[in-house]
Amino acid sequence: MGVVNVTPDSFSDGGRFLDADAAVAHGRRLVDEGADVLDVGGESTRPGAAPVPAEEELGRVVPVLERLGEEVPQAALSIDTSKVVVAEAAVAAGATWVNDVTAFRAEPQLAGLVADRGAHCCLMHMLGEPRTMQRDPRYDDVVSEVRAFLEERLAFAVAEGIPADRVLLDPGIGFGKTVEHNLELLRRLDEIVAIGRPVVVGTSRKSFLGKITGREVGERLPGTIATNVLAWERGASMFRVHDVAAVRDALEVAAATVSGRWTPMTPSPTSKG
Ligand code: HH2
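Residues numbered from 1 in each chain as written. Predicted model: local features only at pLDDT ≥ 70, side-chain atom pairs only at ≥ 80, totals over all residues. Heavy atoms only, no water.

Let's shift gears to helix H2 (residues 54–71). Here H2 spans 26 Å end to end across 18 residues, near enough to the 26 Å set by a 1.5 Å rise per residue. For H2, every residue scored as buried is listed here: Ala 54, Glu 57, Arg 60, Val 61, Val 62, Val 64, Leu 65 and Leu 68. (Helix = DSSP H or I, 4+ residues; strand = E, 2+ residues; numbered from the N terminus. Expected span 1.5 Å × (residues − 1). Buried < 20%, exposed > 50% of the residue type's maximum accessible area, 1.4 Å probe, protein only.)

Time to look at the packing of helix H3 (residues 84–92) against helix H4 (residues 109–117). Direction vectors running N to C along H3 and H4 enclose 15 degrees, while the axes themselves pass 9 Å from each other. Taken together, the axis directions place H3 and H4 in an arrangement best described as roughly parallel. In this structure, H3 crosses over H4, and the sense of that crossing is right-handed. Touching Val 84, Ala 87, Glu 88 and Val 91 of H3 are Gln 109, Leu 110, Leu 113 and Arg 117, all from H4. Among the residues making up the contact of H3 with H4, the classes are represented as 5 nonpolar, 1 polar and 2 charged. (Axes fitted to C-alpha atoms, helices over the stretch in contact; angles between N-to-C directions. Parallel < 35°, antiparallel > 145°, perpendicular 65-115°, else oblique. Left-handed = near helix turned anticlockwise from the far one by under 90°. Contact = heavy atoms within 4.5 Å. Nonpolar A, V, L, I, M, F, W, Y, C, P; charged D, E, K, R; others polar.)

Counting 66 residues, the largest nonpolar core has Leu 38, Leu 65 and Phe 104 as the members making the most contacts within it. Once you skip the residues sitting within four places of it in the chain, Phe 104 turns out to touch Leu 110, Ala 111, Val 114, Cys 121, Leu 123, Arg 153, Phe 156, Ala 157 and Ile 162. In terms of nonpolar packing, the next biggest core, distinct from the first, is built from 7 residues, Met 1, Val 37, Cys 122 and Val 200 among them. (Core = buried A, V, L, I, M, F, W, Y, C linked by side-chain atoms within 4.5 Å.)

Take the pattern of salt bridges next. Throughout the structure, instances matching the rule amount to 22 salt bridges. Glu 151 serves as the salt-bridge partner of Arg 147, at 3.1 Å between the closest nitrogen and oxygen. Within this pair, Arg 147 and its partner Glu 151 are both found in helix H5 (residues 142–159), separated by 4 residues, close to a single helical turn. When the shortest N-O distance is used, the salt bridge between Arg 234 and Glu 233 registers 2.8 Å. Beyond isolated ion pairs, a larger network of salt bridges with shared partners links Asp 21, Arg 28, Arg 67 and Glu 71. (Salt bridge = Lys/Arg side-chain N within 4 Å of Asp/Glu carboxyl O.)

To continue, consider the packing of aromatic side chains. Applying the stated rule across the entire model yields 1 aromatic pair. Measuring from centroid to centroid gives 6.5 Å for Phe 104 and Phe 156, while their planes differ by 55 degrees, and the two rings are tilted. Taken together, the residues span a long stretch of sequence, with Phe 104 in the loop between strand E4 (97–100) and H4 and Phe 156 in helix H5 at a distance of 52 residues. A cation over an aromatic ring shows up here: Arg 153 above the ring of Phe 156, its NZ or CZ 4.5 Å from the ring centre. (Phe/Tyr/Trp six-rings, centres within 6.5 Å; stacked < 30°, edge-to-face > 60°. Lys NZ or Arg CZ within 6 Å of the ring centre and 35° of its normal.)

So, about the layout of surface pockets. Volume-wise, the largest pocket comes out at about 500 Å³. Taken together, 31 residues make up the lining of the largest pocket; nearest its centre are Phe 11, Thr 45, Arg 46, Phe 175 and Lys 206. Within the residue set of the lining of the largest pocket, elements represented by two or more residues are strand E1 (2–5), helix H6 (179–187) and helix H8 (207–213). Here the lining of the largest pocket takes 3 residues from H8, the largest share from any one element. Of the residues in the lining of the largest pocket, the class split is 10 nonpolar, 13 polar and 8 charged. (1 Å grid on protein atoms, 1.4 Å probe; cavity = no way out; pocket = protein on both sides within 12 Å on 5 of 7 lines; lining within 4 Å. Points joined across faces, edges and corners; volume = space filled by probe spheres on them.)

A few words on the packing of H5 against H6. Two elements in contact, H5 and H6, have axes whose closest approach is 9 Å; the angle formed by their N-to-C orientations is 70 degrees. Here H5 is positioned roughly perpendicular relative to H6, judged by the angle of their axes. Remark: the crossing between H5 and H6 carries right-handed chirality. Counting all contacts with H5, which are made through Val 142, Val 143 and Val 146, the residues of H6 involved are His 181, Glu 184 and Leu 185. Classifying every residue of the contact of H5 with H6 gives 4 nonpolar, 1 polar and 1 charged.

Below, the structure is given as structure tokens:
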């Protein structure tokens, strides 16, 4: 899953793709690099982010989704929003996935829309809300609490008419979690996978990687790769990343190593290896 942030303030690429042309070109590049799904967002969820009015979010994402639908029809389009009105317009513009970081808590009616439109959804765990979530988050046992939350939200989605096989779950790395909480969730990800739905992970460039390595946001690709490969090994199915080519290569090599199966590719003409 490649990230297309049509925002001025996203934590790693805010302002780079606010212009629709730039966002569409970026989405095309991510699909060329191997993304199967593009997650288009018009509101940052970084710690401390200010909410964006619906009209503004709509103005950012709808033109981009419409054009991506025409230009990269091979990719599925996901809308990263918690608002019914934005999701409704996004689905009309071609999105077939709704990625809601509040797991239908901000606007519970969003579940009915997803059910009605036959969309897929990704339900994510977050402690609190983006403005305050990193203020001293606490759990007795982060993995069992996140697991219980995701089970409850899955049951809610199904009760609202969304078939279980259209629901993906996400432990919400960095959303109301300390470095230790993030690492424990990744280390024990198999317990989240055991719920029985495909698991999405989003570690890409996040601050816990910077805290461990001392690296700035643009220098966190090695940490992003390490965490995604380990999440894959523990059963994750989808990897929400900004750097699709590098993470895809890493996952392909990891999968080939574990399974012994691989498809020969031709190295580029400049390669000496
Ligand atoms: N992380 C971000 C946003 N949406 N959705 C899911 N399902 N999982 C995640 O981990 C996740 C997410 C934050 O990353 P980004 O979109 O790059 O930043 P921002 O929220 O500042 O736009």
